[in-house]
Amino acid sequence: MRISIDWQRQDEILIATLIGRVDSTNADKFQKMMEAEIAPKDKVLIMDFEQVSYISSAGLRVVVIMAKKFKGPYKRFGVCALSEPIKKIFKMSGLDRAMPIIGTRTEAIAKLAQDEVEGVQKKEVKIEVKEAVDYVIVGDNIEDITNFTLEKYEFTNDTVLSDDIRRAATTKIKTVLWQEIERLRQHRKRLLEKMFKDAEKTLNEVIAGKK
């Protein structure tokens, strides 16, 4: 499924209504579509996610890139109308602590059009992984996760990483993520083995009880 964008302008507010899904197969196209529409006169960018069915880490990276373009004096950025699954992905990635996530489009326009915008309140979010393997934010591949993390750091810390740090961080992050995936894979294997044994044991107990 492709991603499309409906555009609307209200004075200096640019609203992008996203339709479809964003993953590694169309993230680059998505970024180009966004950048092509942004004009120098635009002071506020609102990304409306009401019609987005899925977004991977590659798509989140584009969101951060757009946010960076609207960070500074007289510039504002926000996302709105996130479904619960999309909101979960934003929370798991930490973006809910880095940018305004607003309920409806109307609320987003009212909030971001103000001269003084309330800062994004940063609070600790505890993530409980209830599944043996949760691949929601892992997205399509480790490359996307790594690039997203670097862009997010630059955005939240208002800085630009040097090439040396980028290379070192990229290598280290990828190594850690591959290790984590292997750990989860082994955990899943052990869990499945235990489930088969428990199922067999329970069946034998039931049969023995009926004799």
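Keep in mind that what you see is a predicted model, and the values were worked out from it rather than measured. Here the residue numbering is sequential within each chain, running from 1 through the sequence in written order. Local features are withheld for residues below a pLDDT of 70 in this predicted model, meaning they are given only at 70 or higher, and side-chain atom pairs are given and counted only at 80 or more; totals for whole chains, interfaces and linings count all residues. Remark: hydrogens and water are excluded; side-chain values derive from all non-hydrogen atoms of the structure.

Trainee: Quick question: what am I supposed to make of the packing of helix α2 (residues 57-69) against helix α5 (residues 142-157) here?
Mentor: If you want to describe how two helices pack, look at the angle between their axes and the distance between the axes. What counts as an axis is a line fitted to C-alpha atoms, over the stretch in contact for a helix, and the angles between N-to-C directions run from 0 to 180 degrees. A helix here means a DSSP run of H or I that spans at least four residues, while a strand means a run of E at least two residues long, and both kinds are numbered starting from the N terminus. Two elements in contact, α2 and α5, have axes separated by 8 Å at closest approach and are oriented at 20 degrees. Classified by the angle between their axes, α2 and α5 sit roughly parallel to one another. The element α2 and its partner α5 pack so that their crossing is left-handed. Residues S57, A58, L60, R61, V64, I65, A67 and K68 of α2 pack against D144, I145, N147, F148, E151, K152, E154 and F155 of α5. Residue type decides the class: Asp, Glu, Lys and Arg count as charged, Ala, Val, Leu, Ile, Met, Phe, Trp, Tyr, Cys and Pro as nonpolar, and the leftover types, Gly among them, as polar. Of the residues assigned to the contact of α2 with α5, the class counts are eight nonpolar, two polar and six charged. For classification purposes, an angle smaller than 35 degrees is called roughly parallel, one larger than 145 roughly antiparallel, one from 65 to 115 roughly perpendicular, and anything else oblique. A crossing counts as left-handed when the near helix is turned anticlockwise from the far one by less than a right angle, and as right-handed when that turn is clockwise. Whether two residues are in contact is decided by their heavy atoms, any of which lying within 4.5 Å being enough.

Trainee: I tried to follow the pattern of salt bridges on my own but got confused; where do I start?
Mentor: Working definition: two side chains of opposite charge can pair if their charged atoms are close together. A carboxyl oxygen of Asp or Glu within 4 Å of a side-chain nitrogen of Lys or Arg is what we treat as a salt bridge. Going through the model one piece at a time under the given rule, you end up with 14 salt bridges. Here R21 ties to D23 by a salt bridge, and the two come within 3.4 Å at their closest N and O atoms. Relative accessibility decides the category of a residue: with a 1.4 Å probe and only protein chains considered, values under 20% of the type maximum give buried, values over 50% give exposed, and everything between is partly exposed. A residue is classified by how much of its surface remains accessible, and R21, at 26% relative accessible area, is partly exposed. Because the salt bridges share partners, they merge into one network encompassing R61, K68, E151, E154 and R166.

Trainee: Looking at this structure, I do not really get the confidence of the model for the chain. What am I missing?
Mentor: Detailed reading of predicted coordinates is not advised where the pLDDT is low. With 86% of its residues at a pLDDT of 70 or more, the chain has an overall mean of 84. What pLDDT expresses is the predictor's confidence in each residue, scored from 0 to 100. No element of the chain has a lower mean pLDDT than helix α6 (residues 163-210), which averages 86, and none a higher one than strand β2 (residues 13-22), which averages 96. Of the regions scoring below 50 in pLDDT, residues 115-139 engages in 38 contacts with residues more than four places distant in sequence or in other chains.

Trainee: Please explain the packing of aromatic side chains as it appears in this structure.
Mentor: Two aromatic rings, taken as a pair, are described by how far apart their centres are and by the angle between their planes. Only Phe, Tyr and Trp rings take part, Trp by its six-membered ring, and two of them pair if their centres are within 6.5 Å. Stacked means planes under 30 degrees apart, edge-to-face means over 60, and tilted covers everything else. For the structure shown, the criterion picks out one aromatic pair. Note on F49 and F90: the rings are 5.5 Å apart at their centroids and 85 degrees apart in plane angle, and the pair reads as edge-to-face. Of this pair, F49 sits in strand β3 (residues 44-55) while F90 sits in helix α3 (residues 84-93), and the two are 41 residues apart along the sequence. Here the two residues F49 and F90 agree in accessibility, since each one is buried. Lysine and arginine charges are scored as sitting over a ring when NZ or CZ, respectively, is within 6 Å of the ring centre and within 35 degrees of the ring normal. Its guanidinium or amino end placed over the ring of F155, K71 lies 4.6 Å from that ring's centre, counting from NZ or CZ. The cationic tip of K75 hangs over the ring face of F70; the distance from NZ or CZ to the ring centre is 5.0 Å.

Trainee: Please explain the environment of V160 as it appears in this structure.
Mentor: With respect to the helices and strands, the residue V160 is situated in the loop between α5 and α6. Looking at V160, the relative accessible area reads 70%, which means it is exposed. For the pair V160 and L150, spaced ten residues apart in sequence, the C-alpha separation works out to 9.4 Å.

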